[in-house]
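Examination of the molecular architecture
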Amino acid sequence: MKTWLTTTDHKRIGLLYFWTAFGFFLIGGLEALIIRAQLARPDGGLGVSAETFNQLFTMHGTTMVFLALMPLSAAFFNFMIPLQIGARDVAFPRLNAFSYWVFLLGGLFLNASFIAGPLFGADRLSVAPDAGWFGYENLTSRQFSPGPNVDFWLLGLQILGIASLAAGFNFIVTILNMRAPGMRMLRLPPFTWMTLITQFLVITAFPVITVALVLLMFDRFFGTHFFVPQGGGDPILWQHLFWMFGHPEVYILILPAMGIVSEVLPTFSKKPLFGYTVVVYSGVVIAFLGWSVWSHHMFSSGLGPIADSVFAGTTMLIAIPTGVKIFNWIGTLWGGQIRFTTSLLFAVGFIAMFIIGGLSGVSHASAPSDLQQTDTYYVVAHIHYVLFGGTILGLFAGMYYWWPKMTGRLLSESLGKVHFWLTMIGMNLAFFPMHFSGLLGMPRRIYTYSSELGVTGFNQASTIGAFLIGLATLVFVWNLLRTRWQPISAPHNPWGGATLEWAIPSPPPVYNFTVIPTVESRMPLWQTERHAPMRPLPERPPAPIHVPGGSWWPLITATGLPVMAIGALSHVIPVVLAGAAVVIVGIYRWAYEPFEM
Amino acid sequence: MTHGSAHAHEAGAGAHRTSMGLDSRKMAFWAFIGSECLLFGSLISTYLVYKGRSLTGPFPHEILNIPFTSFSTFDLLMSSLAMVLALAAVQRGDMKQGKLWLLVTALLGLVFLAGQFWEFSHFVREGLGLTTNLFGSTFYVLTGTHGAHVTVGVIWLLTLWVQALRGKLGPANAMTVEITGLYWHFVDVVWIVIFTVVYLIQ
Ligand code: HEM
Ligand SMILES: [Cu+2]
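Residues numbered from 1 in each chain as written. Chains lettered and ligands numbered in written order. Predicted model: local features only at pLDDT ≥ 70, side-chain atom pairs only at ≥ 80, totals over all residues. Heavy atoms only, no water.

Before going further, it helps to examine the overall build of chain A. When helices and strands are tallied, chain A shows 16 helices and zero strands. Compactness check: chain A gives a C-alpha radius of gyration of 24 Å against a globular reference of 25 Å for 597 residues, within 12% of the reference. When its C-alpha atoms are laid out on the principal axes, chain A stretches across 70 × 55 × 50 Å. When the 597 residues of chain A are sorted by exposure, 63% land in the buried category. Here the analysis covers contacts within chain A between residues at least 6 apart in sequence; of these, 81% occur between residues at least 24 apart. Surface summary for chain A: the accessible area is close to 21400 Å², and the carbon and sulfur share equals 70%. Computed over 29 positive and 24 negative side-chain charges, the inter-centroid distance for chain A is 15 Å. (Helix = DSSP H or I, 4+ residues; strand = E, 2+ residues; numbered from the N terminus. Rg over C-alpha atoms; globule rule 2.2 N^0.38 Å. Buried < 20%, exposed > 50% of the residue type's maximum accessible area, 1.4 Å probe, protein only. Contact = heavy atoms within 4.5 Å. Areas by Shrake-Rupley, 256 points an atom, 1.4 Å probe, with all protein chains shown as cover. Lys, Arg positive; Asp, Glu negative; His and termini not counted. Charge placed at Lys NZ, Arg CZ, Asp CG, Glu CD.)

Next comes the structure, spelled out in structure tokens:
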């Protein structure tokens, strides 16, 4: 137990990220199921009140984006990046632990809002965030949201932002600076590349939302009018700041999954990734363009014809590098010796579903058609095809692919196939009809609808689909859990992968590599035209390898942050100061603690 | 590309060869500075968006005192000079000078903060509070965020100074001082931008 609290081993931190994020994924999924049950019938199938419904969809979105998908990607960054680049750990192991603890505590803080009602003299289920995952003004102003709901949200997101930023710096430096000899930039595995790009987006996008949240905090706590029209402020400024972060954020969510798919497809088609450099550069282009499209979320706010045209244009442009990647993946499969493992199925499912999501995206890239679609279920369909059909299927592909490396145990392929098909049927049943209910005029975020709207059938299909996804997820949970009782038996390289993580035992020893390998090609473990496969590493380290001990300070420093947030939430300044003191003392002890690699 | 410097320090990674030949902590700091650019960029944009949109006074031209702030700006610039001297001294191993210049840098930072404190309280007496109008809100949040950065810098410099007094800072830690310097110069540059945008271009 103590060793887990103080661990600085990237592999353990990766597992902690995985289980924590997976737990939040289940919570977010439960919220979705309640939402769908409520919408199963006109006029409300479950009798959920409008207030509760607002909290459910807000927490669902916030949880899935910040507590499930981002940290599930982070689980793979943590576990895999040092292995893929041939390093013993990340550049700053304690900072890495700090990121995890901040993420965990921030997630708990946000979710505590579900039960914190009585502390504020309110019922349970009444003080959770309720203004949507993008928290539009005026919904979030003190005037229209006097309770602590939005405070939980804005403080929670600030905490989580710190975790993401710290991890961003850490992984950028790790990837740039900790590569094994010969691991040139253009030999990095595609997942590592997409991670690097993602982290650049993180460190540039998160400051923007931090500023937005800080301004909102000033409005709510100190009575400024940054977003309050009565004082001259402009609610639209919030939208600009949020989406300037928000659109890069969607690429933060998808690029890691694209990286995973670019690992899985070559391995299971026994072919190098088709157009490796194109995949890399299109990722870079996506990241750049991702910064220039934010206002496509704001067409209906009346930006004027010029801004609308520009943002429509940039948005359509970004579909090009995205499409390029899709052709690369298909080109990788083309003519390969394909093995239909669960991992490959999920990767192929990713491509198919992501295409549907991309197409609906392009359909609302054009401002006039977006005006028909925005704030309807059509957008809900889009985001679920890209985030579930894209990110989550990609992450599942990664889980089946890397689980043996992470735990030394193989997931069951037959259960995996049940999981895959149930997920595919469930997600299409859940999300495809939303295109129609949306176009027929069903607004998103509505807690009831009338039978006269003619969307009852579509909603029922969506609800059935959602519960199928739930069932599929239970199958997956069972698949994960049952591996715990299996002996550790996975070979080094169960799938015949080409990258360095497959050169070492499953699970890897603490020091990862007995000897740091020297890399000569993009696919070190494969025979290529010019290079023989890397020779196996020695079984035992030739000389003892020093592994750094753990540290308490990342955890202790991290606890200061939710303490500060609780103080702010309850307007008790001494608690804020106590939290700050913990952070400061933690940083000092951390900086001057002897810690060597 | 694969041969790097081998600075020994406690943060870990840098003790080994690094792929880019750049100390890992320094690289992390550059990334951090990049990130901070967007933080200040967002705040400055907010200031600019709301420029001239205050519903009530006091308005910038009624209250901003350019000569006084020019002095503060000069003071901060001089602190950057002192920082350069401190780093050079530490790198040479001349800890006597190193100590002196670290202290001077911190003190100049403190003078800046005192100036900001005086300026803020003066403005409040003139009727410009945080919530008075958009100018007040954007002005205090922007310059206050910068002031908070200066405060962190001063504490950091004083920490190094105390370490130096206790004989725990030497040429082996030159990288630590160099990173502190990076931060300090960055905060200085941000101030130049703020001074230009807020004070000079009204
Ligand atoms: C071909 C590429 C894509 C295009 C052209 C595109 C376009 C758009 C547009 C125009 C909107 C605004 C719709 C509205 O609110 O009226 C939107 C919303 C959204 N997109 Fe995409 N998109 C693309 C890919 C993606 C990807 C890859 C992701 C994430 C993985 C993503 C996630 C989202 C999300 C989360 C929203 C909705 C945010 C919300 O309103 O809650 N999109 N997209
Ligand atoms: Cu977007």
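Once that is clear, we can look at the coordination of the copper ion (ligand 2). Note on metal sites: the ideal angle is 109.5 degrees for four tetrahedral donors, and 90 or 180 degrees for six octahedral donors. Residues and elements named next belong to chain A. Ligation of the copper ion (ligand 2) by protein atoms is provided by His247 (ND1), His296 (NE2) and His297 (NE2), these donors lying 1.8 to 2.0 Å from the ion. Positions of the donor residues of the copper ion (ligand 2), expressed as sequence spacing, correspond to H-x48-H-H. Separation of the copper ion (ligand 2) from the iron atom of ligand 1 amounts to 4.6 Å. Here His247, found in helix α7 (residues 235–269), pairs with His297, found in the loop between α8 (276–289) and α9 (305–333); they are 50 residues apart in sequence, far enough to count as distant. Taking the relative accessible area as the measure of exposure, His247 reaches 5% and is therefore buried. (Donors = N, O, S within 2.8 Å, 3.2 Å for Na, K, Ca; no water.)

Another aspect to go through is the pattern of salt bridges. All names here are of chain A. One pass over the full model with this rule turns up eight salt bridges over all chains. For the salt bridge of Asp9 with Lys11, the shortest nitrogen-to-oxygen distance reads 3.1 Å. Lys11 matches Asp9 in its accessibility class, with the two residues each being buried. Overlapping salt bridges bring together Arg142, Asp151 and Arg220 as one network. (Salt bridge = Lys/Arg side-chain N within 4 Å of Asp/Glu carboxyl O.)

Of the protein atoms, His382(A) (NE2) alone serves as a donor to the iron atom of ligand 1, at 2.1 Å. Structurally, the position occupied by His382(A) is in helix α12 (residues 377–407).

Attention shifts here to unusual backbone geometry. Put simply, Ser506(A) and Pro507(A) share a cis peptide bond, and its omega is -10 degrees. One can find Pro507(A) in the loop between α14 (456–483) and α15 (553–569). For the peptide bond that leads from Gly57(B) to Pro58(B), omega is -5 degrees, which places it in the cis range. Structurally, Pro58(B) is set in the loop between α1 (24–49) and α2 (60–63). Look at Arg445(A): it is not a glycine, yet its phi comes out positive at around 60 degrees. Within the element layout of this structure, Arg445(A) appears in the loop between α13 (413–439) and α14. Take Arg445(A): its relative accessible area is 24%, and that puts it in the partly exposed class.

A few words now on the interface of chain A and chain B. Interfaces are often described in size by the accessible area the parts lose on coming together. On the chain B side, the residues contacting the 41 residues of chain A number 38 residues. Taken as a group, Phe169(A), Asn177(A) and Phe226(A) account for 18% of the area that chain A buries against chain B, more than any other trio of residues on that side. Notably, a salt bridge pairs Arg53(B) with Asp234(A), separated by 3.5 Å at the nearest N-O pair. Elements with a contribution of two residues or more to the side of chain A that touches chain B: α5 (149–177), α6 (190–222), α7 and α16 (573–592) of chain A. (Buried area = accessible area lost by both parts, 1.4 Å probe.)

This brings us to the packing of helix α4 (residues 95–125) of chain B against helix α5 (residues 134–165) of chain B. Residue and element names in this part refer to chain B. α5 packs onto α4 with a crossing angle of 155 degrees between their chain directions and a minimal axis gap of 9 Å. The orientation of α4 with respect to α5, classified from their angle, is roughly antiparallel. Crossing of α4 against α5: the hand is left-handed. Among the residues forming the contact of α4 with α5, the class breakdown is 20 nonpolar, eight polar and two charged. (Axes fitted to C-alpha atoms, helices over the stretch in contact; angles between N-to-C directions. Parallel < 35°, antiparallel > 145°, perpendicular 65-115°, else oblique. Left-handed = near helix turned anticlockwise from the far one by under 90°. Nonpolar A, V, L, I, M, F, W, Y, C, P; charged D, E, K, R; others polar.)

Residue and element names in this part refer to chain A. Scanning the model with the defined rule gives 70 aromatic pairs over all chains in all. Centroid distance Phe346 to Phe396: 5.3 Å. Interplanar angle 45 degrees. Geometry classified as tilted. Pair noted here: Phe346 is in helix α10 (residues 342–363) and Phe396 is in helix α12, with a separation of 50 residues, a long-range link. Here the two residues Phe346 and Phe396 agree in accessibility, since each one is buried. Relative to Phe476, the ring of Tyr400 lies with its centre 5.6 Å away and its plane at 50 degrees, an arrangement referred to as tilted. Of the two residues, Tyr400 is situated in helix α12 and Phe476 in helix α14; the sequence distance between them amounts to 76 residues. Residue class for Phe476 comes out buried when judged on its relative accessible area of 0%. (Phe/Tyr/Trp six-rings, centres within 6.5 Å; stacked < 30°, edge-to-face > 60°.)

Okay, α7(A) next. Residue and element names in this part refer to chain A. For α7, spanning 35 residues, the distance from its first C-alpha to its last is 51 Å, which sits close to the expected 51 Å at 1.5 Å a residue. Most of α7 is tucked away: 31 of the 35 residues are buried. Put simply, Asp234 is the residue that caps the front of α7, since its side-chain oxygen is 2.9 Å from the backbone nitrogen of Ile236. Phi turns positive one or two residues past the end of α7, at Lys270, with a value near 50 degrees. (Expected span 1.5 Å × (residues − 1). Polar contact = N/O pair within 3.5 Å; in protein donor to acceptor, adjacent residues only side chain to side chain.)

Quick look at the site of ligand 1 now. Residue and element names in this part refer to chain A. For ligand 1, the set of nearby residues contains 23 residues, the closest of which are Trp133, Asp370, Thr374, His382 and Arg444. Interatomic distance of 2.7 Å between a side-chain N/O atom of Thr374 and an oxygen atom of ligand 1. Between an oxygen atom of ligand 1 and a side-chain N or O atom of Arg444, the distance comes to 2.7 Å. Counting only elements with at least two residues in the shell around ligand 1, the list comes to α7, α9, α10 and α12. No other element matches α12, which puts five residues into the shell around ligand 1. Looking at the shell around ligand 1, its residues break down into 13 nonpolar, eight polar and two charged. (Near = heavy atom within 4 Å.)

Time to look at the environment of Phe268(A). Residue and element names in this part refer to chain A. Of note, Phe268 is situated in helix α7. Looking at Phe268, the relative accessible area reads 0%, which means it is buried. Measuring from C-alpha to C-alpha, the distance between Phe268 and Val380 comes to 33 Å, with 112 residues separating the pair along the chain. When sequence neighbours within four positions are dropped, the list of residues in contact with Phe268 reads Gln337, Ile338, Arg339, Thr341, Ser343, Leu344, Tyr401 and Trp495.

Now for the packing of helix α3 (residues 50–85) of chain A against α6(A). All names here are of chain A. Contact geometry of α3 with α6 gives a least axis separation of 10 Å together with a crossing angle of 130 degrees. The orientation of α3 relative to α6 falls into the category oblique. Where α3 crosses over α6, the two elements pack in a sense that is left-handed. Of α6, the residues touching α3 (which contributes Phe66, Met70, Phe76, Phe77, Met80, Ile81, Gln84 and Ile85) are Phe191, Thr192, Thr195, Thr198, Gln199 and Phe206.

Let us look at the confidence of the model for chain B. Residue and element names in this part refer to chain B. Per-chain confidence: chain B averages 90 in pLDDT, with 92% of residues scoring 70 or above. Ignoring residues within four places in sequence, the model shows residues 1–15, a span with pLDDT below 50, making 39 contacts including any to other chains. Overall fold confidence for the complex sits at a pTM of 0.95, while the interface term, ipTM, reaches 0.94. (pLDDT = per-residue confidence, 0-100.)

What follows deals with a nonpolar patch on the surface. On the surface, Phe74(B), Leu77(B), Met78(B), Leu81(B), Leu85(B) and Ile192(B) cluster together into a nonpolar patch covering about 480 Å² of accessible area. Element by element, the count of residues in the nonpolar patch is highest for helix α3 (residues 66–92) of chain B, at five residues. (Patch = residues over 30% accessible without salt bridge, like charges linked within 9 Å, V, L, I, M, F, W, Y side chains within 5 Å.)

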